[in-house]
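Breakdown of the fold
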Amino acid sequence: MSPRLRHRGMSLLLLWVLLVAGCTPENPQHDQAGGQRGDAGTAQAMLGDLRTVDPCTLADPAGLQAFGPTENAGTVSLDYCLLHVRLGDGSLVQLAIGELINADPNPQGDPVVQRGPLRIVQNAPLPGHCTRQILFTDNIAMQISADLLTGDPAAGLCSIAQSGADAAAEALEQHRVGHRTFAANSLALVDPCTLLDSAAVRQIPGLEEAQPQSSPAGHQCRWGEQAADAPRVQFMHTAGDPPKVLHGAAVEESIAGRRTVLSVVGGDPQVPLCSAETGHIPFGDPAAGQVEVAQLVVAVPGMTGTDACEYARGLAGQAWPHLPPSGP
């Protein structure tokens, strides 16, 4: 869900490409890698524990050098790896690899290439954006998305996305998927759907009957429809720089004893979209200073960003007490 940031994630939130959980078969038999015997093409069989996948082990920065100098853009999410590719004409492309979504098992109109048990769906490009999806046999898909940050709109985004998809598929075929090790109190190991009572979400106008929908990796939960004119709530466990006050439509305060940044997305108070973020335990290399982040985002079309922040503040007050302890 267009540049992709928690920097990408905030732009992603504006487009609301949100995730829905896939189904897990009853009584699965797991091998030592976390996969299921007899289901060679499922996401779990090929990736193992979906919560702990390191998506950067699916990327091949060296293979992208043919397009131009490529570098890791830093961690901004638990769900995808972010790369920057500088093209020969000076254009800057952002490539996100690894996000798992619930997929259409029978994509209509888009070319599909069979690759062993996997299928690669070649989604039609949009202005400044191109996506490929690796479709597992259980109808979970891995997204590889290229976005133009600056430069020529005809920068060949689909070629970059296809290269990223081919590299990810090869890593899957060769069983080169790596996993992160998380502390017992990590946000990565807790589905946010379990931390926020839907009764609180249903106090928002238009969400009176909303049901929680979890993402395949269990790092995101959504209430409401995926539509720009629909009220909706998204609760994410992510990672990156500690939350900061970045503009005049943001404020830092304490909610349920946790330092929290409330921010109208994009900084325009008339935009009815607000996030509440709180940092958790350190993430990755301690020298990088990054942390896990719990993030709630509320959209209330027809209202203001101030209204959205009031709802986000209330939901954070409900959710934050149920987060894992941040101390040792």
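Higher on the page you've got the structure.
So, here's what we can say about the structure. (Residues numbered from 1 in each chain as written. Predicted model: local features only at pLDDT ≥ 70, side-chain atom pairs only at ≥ 80, totals over all residues. Heavy atoms only, no water.)

All right, on to the sheet that holds strand E14 (residues 258-264) then. Ordered by their spatial adjacency, seven strands build an open sheet running E10-E11-E12-E16-E15-E14-E13, and the pairing between neighbours is antiparallel. The sheet is open, and its two edges are formed by strand E10 (213-214) and strand E13 (250-255), each paired on a single side. Sheet contacts for helix H5 (residues 305-319): strand E12 (232-240), E13, E14, strand E15 (273-282) and strand E16 (291-299); angle to E15, the most-contacted strand, approximately 35°. (Pairing = 2+ DSSP bridges. Helix = DSSP H or I, 4+ residues; strand = E, 2+ residues; numbered from the N terminus. Contact = heavy atoms within 4.5 Å. Axes fitted to C-alpha atoms, helices over the stretch in contact; angles between N-to-C directions.)

In this section: the pairing of strand E3 (residues 81-86). Burial runs high along E3: five of the six residues are buried. Alignment of strand E2 (residues 70-72) against E3, held across three bridges, turns out to be antiparallel. Bridge pairing links Asn 72 to Leu 83 in E3. Where E3 and strand E4 (residues 92-102) come together, six bridges link them in antiparallel fashion. Along E4, the bridge assignment pairs Leu 83 with Leu 95. (Buried < 20%, exposed > 50% of the residue type's maximum accessible area, 1.4 Å probe, protein only.)

On the secondary structure map, His 219 appears in the loop between E10 and strand E11 (220-224). Once you skip the residues sitting within four places of it in the chain, His 219 turns out to touch Leu 50, Arg 51, Leu 78, Asp 79, Ala 188, Pro 192, Phe 235, Met 236 and His 237.

What the seven strands build is an open sheet, ordered E2-E3-E4-E8-E7-E6-E5; its pairing is antiparallel. The sheet is open, and its two borders are formed by E2 and strand E5 (112-115), each paired with just one other strand. Strand-to-strand, the axes of this sheet are offset by a mean angle of 20°, without reference to chain direction. Against the sheet, helix H3 (residues 157-173) engages E4, E5, strand E6 (118-122), strand E7 (129-135) and strand E8 (140-150), with an angle of about 20° to E7.

Moving on, we get to the state of the cysteines. Summed over all chains, the structure comprises four disulfides. Paired by a disulfide, Cys 130 and Cys 158 hold their sulfur atoms 1.9 Å apart. Handedness here is read from the sign of the S-S torsion; for Cys 130 and Cys 158, about 100°, the answer is right-handed. Note that Cys 130 is positioned in strand E7 and Cys 158 in helix H3, a separation of 28 residues in sequence. Of the residues examined, Cys 158 reaches a relative accessible area of 21% and is grouped as partly exposed. Each sulfur in the disulfide pair Cys 193 and Cys 221 lies 2.0 Å from the other. Taking the torsion about the sulfur-sulfur bond, which here is approximately 100°, the covalent link between Cys 193 and Cys 221 counts as right-handed. With Cys 193 in the loop between strand E9 (178-179) and helix H4 (198-201) and Cys 221 in strand E11, the pair connects residues that are 28 residues apart, well separated along the chain. Just as Cys 193 is buried, Cys 221 falls in that class too. Assigning the bonded cysteines of the protein consecutive numbers by sequence position, one obtains the connectivity 1-2, 3-4, 5-6, 7-8. (Disulfide = S-S within 2.5 Å.)

Attention now goes to the environment of Val 233. Here Val 233 lies in strand E12. Setting aside its immediate chain neighbours within four residues, Val 233 contacts Val 201, Ile 204, Leu 207, Cys 221, Arg 222, Trp 223, Leu 296, Val 297, Val 298 and Leu 315.

Let us now look at H5. Taking 1.5 Å as the rise per residue, H5 with 15 residues should run 21 Å; its terminal C-alpha atoms sit 20 Å apart, in good agreement. For H5, the full list of buried residues reads Gly 305, Ala 308, Cys 309, Ala 312, Leu 315, Ala 316 and Ala 319. The arc that holds the buried residues of H5, viewed along the axis, is 125°, so those residues lie on one side. Residues of H5 that are buried make contact with H4, E12, E13, E14, E15 and E16. (Expected span 1.5 Å × (residues − 1). Arc of directions from axis to C-beta.)

So, on to the nonpolar core. Taken as a class, soluble globular proteins show a tendency for nonpolar side chains to be buried jointly. One finds Leu 47, Ile 134, Phe 136, Met 142 and Leu 172 to be the most contacted residues of the largest nonpolar core, which totals 37 residues. Among the elements that line this core, the one with the most residues is H3, at eight residues. When near neighbours in sequence (up to four residues on either side) are disregarded, Leu 172 contacts Met 46, Leu 47, Leu 58, Leu 118, Ile 134, Phe 136 and Val 177. Counting 31 residues, the second largest nonpolar core, distinct from the first, contains Ala 276, Ala 294, Ala 308 and Trp 320. (Core = buried A, V, L, I, M, F, W, Y, C linked by side-chain atoms within 4.5 Å.)

The end-to-end C-alpha separation of H3 is 24 Å, in line with the 24 Å expected for 17 residues at 1.5 Å each. The complete set of buried residues in H3 reads Leu 157, Ile 160, Ala 161, Gln 162, Gly 164, Ala 165, Ala 167, Ala 168, Ala 169, Ala 171 and Leu 172. In this structure, the buried residues of H3 make contact with helix H2 (43-47), E4, E5, E6, E7 and E8. Where H3 terminates, the next one or two residues include His 175, which has phi positive at roughly 55°.

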